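Results of the structural survey
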Amino acid sequence: MSIARKFTRLVAAAAVVAISLAGCSPAATSPEPIVDASIPSEDREFYSQKVDWSPCGLEETFCGNVVVPIDWANPKAGSLKLAAAYHRADSGKPLGSIIFNPGGPGSSAVPWITDSIEQLGTANLRKHFNMVGFDPRGVGSSEPTVKCLNAKDTDRFLYGSAAFELGSAEDIKDTRDQLGKFVSACLKNTGPNLGFIDTVSAAKDLDVIRAVFGDSQINYLGFSYGTQLGSTYAALFPKRVGRMVLDGAIDPTLSDADQSLYQLIGFDQALKNFLANCLQSADCPFRGSLDAALLRIQKFLAGLENSPLPTDSNRELTVWAAITGLIMPLYSESYWPYLSQGFAEGFAGDGTTLLALADSYNERAEDGSYGSNLMEANIAISCLDARSPSDAKSMAEQNRRVIEASPVLGRYWQYGALTCEQWPFGVVEHPSSYSASGSKPIMVVGTTGDPATPYAQAVSLANDVLANAVLVTFNGEGHTAYGQSNKCVNNAVDDYFIKNVVPNEDPDC
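So, the packing of helix α10 (residues 290–306) against helix α11 (residues 319–327)
In contact at an axis separation of 8 Å, α10 and α11 are set at 145 degrees when each is read in the N-to-C sense. In this structure, α10 uses Ile297, Leu301, Leu304 and Glu305 to contact α11, whose residues at the interface are Val319, Ala322, Ile323 and Leu326. Looking at side-chain class alone, the contact of α10 with α11 contains 7 nonpolar, no polar and 1 charged residues.

And the structure:
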């Protein structure tokens, strides 16, 4: 099974550490919730709740649970608890609260707040705002937590050897069989609430969190998939948008098939950028032209389909592990040396580093355990949000497109529609328009060399989809830009949040 078959959209690669519950901050008082006249009467009990916040993680950090309806179409049918955390503004005099989402879908925000707050945004932003994170429904510590396979079965699902020739009838049947078992396990171990793990519901939950923090309008920072969550919120509640930054933007109007194709194009270009840089170094494991390097990778991967490589453990590097290990370091230019090392070892018959990179991406520990339910939640959310047609004709056309787009990676991007083909719940209804007409200006940040959320989507979201938006371009490599090394991007975002200054034009950082 290929990574493209398992993930409708690849997740943002982000390392987060386990939640610490130790803390010495005094208990926090809950602000007075904002419940305006436009809130339907059946929803008001959720909007008016006061959260019991208790110290957790780092100093001046607090954790609690926010209660939301299971089914927003029937709020009386039951409720869910969403794990949430916030870090007090370092100045002690916050301008307000910023709710953030790190991506995914399926990435947990709570550990960022409790343990890694210094990695979120800039010191200037953290000085002026309370920083809020929550685990969306199905994710991390929230209800329902999507649970599917045990660790051993997850290993087989993510890393297993190809049992048949790729694309053969036997291979497609085997893939469907494996995905059928995965879907059955998700339904059995998660329960019927699996049908409510979608982005539209999460966006409505987000509005409750806004109200709980006493804000009449939301301040929001979303990365990668977090931009889709943010743009969905803006589509549903345009008048409640305060200051919203969408970094590493997804165009929510694209089809699932196009999203997958454009992401493949992004990773293909990132691989070429890596190789062009590598070929300038004396210790690069490639020699000759860019085309020669791409051909060597193509042959290397083809060899792994039938002959996995040994590693320094009792595990092998299969072709699916190698694809994941190749993709992971393309998220950031700072990881490129590890990819060079992985190829150098791989060409010498050792799959250790590429397997370690795949494990990092999948959050797999040395003892075989997995650090979160990111993979399961990713699939659950993605399959409710959108899916591609899985009839033979449609898949053949999509296969043609991906092979044409990337002769190296496209082979392993085929048959992506199989991922959601057997999902037991239908696609949810989306907003009729994502223009967010009537909202305040929304800032969209795009990186020209972003492989996971290609720059063209940021341009489209800012210029064609949203009615009132400004684009901030970072000319560079990697996935997302704010809070990293570029002062131009950091200053633009900080001035927007802190001073409410909207650029007259793209600063072209």
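Description of the pattern of salt bridges
Scanning the entire structure with this criterion turns up 16 salt bridges. Here glutamate 165 and arginine 411 are joined by a salt bridge, their closest N and O atoms 3.4 Å apart. Here arginine 411 lies in the loop between α15 (392–405) and α16 (418–421) and glutamate 165 lies in the loop between α5 (151–159) and α6 (169–190), a separation of 246 residues in the sequence. Exposure remark for glutamate 165: the relative accessible area of 48% places this residue in the partly exposed category. Under the relative-accessibility criterion, arginine 411 is labelled partly exposed at 27%.

As for the packing of aromatic side chains
Here the structure, examined in full by the defined rule, presents 21 aromatic pairs. Considering the side-chain rings of phenylalanine 46 and tryptophan 72, the 6.5 Å spacing of their centres and the 55 degrees angle between planes classify their relative orientation as tilted. Of this pair, phenylalanine 46 sits in helix α2 (residues 44–47) while tryptophan 72 sits in the loop between β2 (61–69) and β3 (79–87), and the two are 26 residues apart along the sequence. Taken as a pair, phenylalanine 46 and tryptophan 72 share a single burial class, namely buried. Ring centres of tryptophan 53 and phenylalanine 213 lie 5.4 Å apart, and the angle between their planes is 45 degrees; this geometry places the pair in the tilted category. You can see tryptophan 53 sitting in the loop between α2 and β1 (54–55) and its partner phenylalanine 213 sitting in the loop between α7 (199–212) and β6 (218–223), a full 160 residues away along the chain. Taking the relative accessible area as the measure of exposure, tryptophan 53 reaches 2% and is therefore buried. Taken together, Phe274, Phe286, Phe300, Trp336, Phe343 and Phe347 form an aromatic cluster joined through their ring pairs. Of note, arginine 296 hangs over the ring of phenylalanine 347, and the distance from its end group to the ring centre comes to 3.8 Å.

Digging into the sheet that holds β3
One open sheet accounts for 9 strands, arranged β1-β2-β3-β5-β4-β6-β7-β10-β11; its pairing is mixed. The strands lining the two open edges of the sheet, one partner per strand, are β1 and β11 (469–477). Relative to β3, β2 is paired through 9 bridges, and the arrangement is antiparallel. Bridging across to β3, cysteine 63 finds its partner in alanine 85.

So, the pairing of strand β7 (residues 241–247)
The side chains of a regular strand alternate between both faces of the sheet. Of all 7 residues that make up β7, 6 are buried, and the element is covered over most of its length. Between the parallel elements β6 and β7, the chain passes through helix α8 (residues 225–236) in a crossover that is right-handed. Of the strand pairs in this sheet, β7 and strand β10 (residues 442–449) are connected by 4 bridges, and their pairing is parallel. When the bridges of β10 are listed, leucine 246 appears paired with valine 444.

Points about the pairing of β10
Summarising burial for β10: 7 of the 8 residues are buried, a large majority. Pairing geometry for β10 and β11, over 7 bridges, is parallel. Following the sheet pairing, glycine 446 is matched in β11 by threonine 473.

Quick notes on the rules
- Residues numbered from 1 in each chain as written.
- Predicted model: local features only at pLDDT ≥ 70, side-chain atom pairs only at ≥ 80, totals over all residues.
- Heavy atoms only, no water.
- Axes fitted to C-alpha atoms, helices over the stretch in contact; angles between N-to-C directions.
- Helix = DSSP H or I, 4+ residues; strand = E, 2+ residues; numbered from the N terminus.
- Contact = heavy atoms within 4.5 Å.
- Nonpolar A, V, L, I, M, F, W, Y, C, P; charged D, E, K, R; others polar.
- Salt bridge = Lys/Arg side-chain N within 4 Å of Asp/Glu carboxyl O.
- Buried < 20%, exposed > 50% of the residue type's maximum accessible area, 1.4 Å probe, protein only.
- Phe/Tyr/Trp six-rings, centres within 6.5 Å; stacked < 30°, edge-to-face > 60°.
- Lys NZ or Arg CZ within 6 Å of the ring centre and 35° of its normal.
- Pairing = 2+ DSSP bridges.
- Right-handed = clockwise from strand over helix to strand, strands pointing away.

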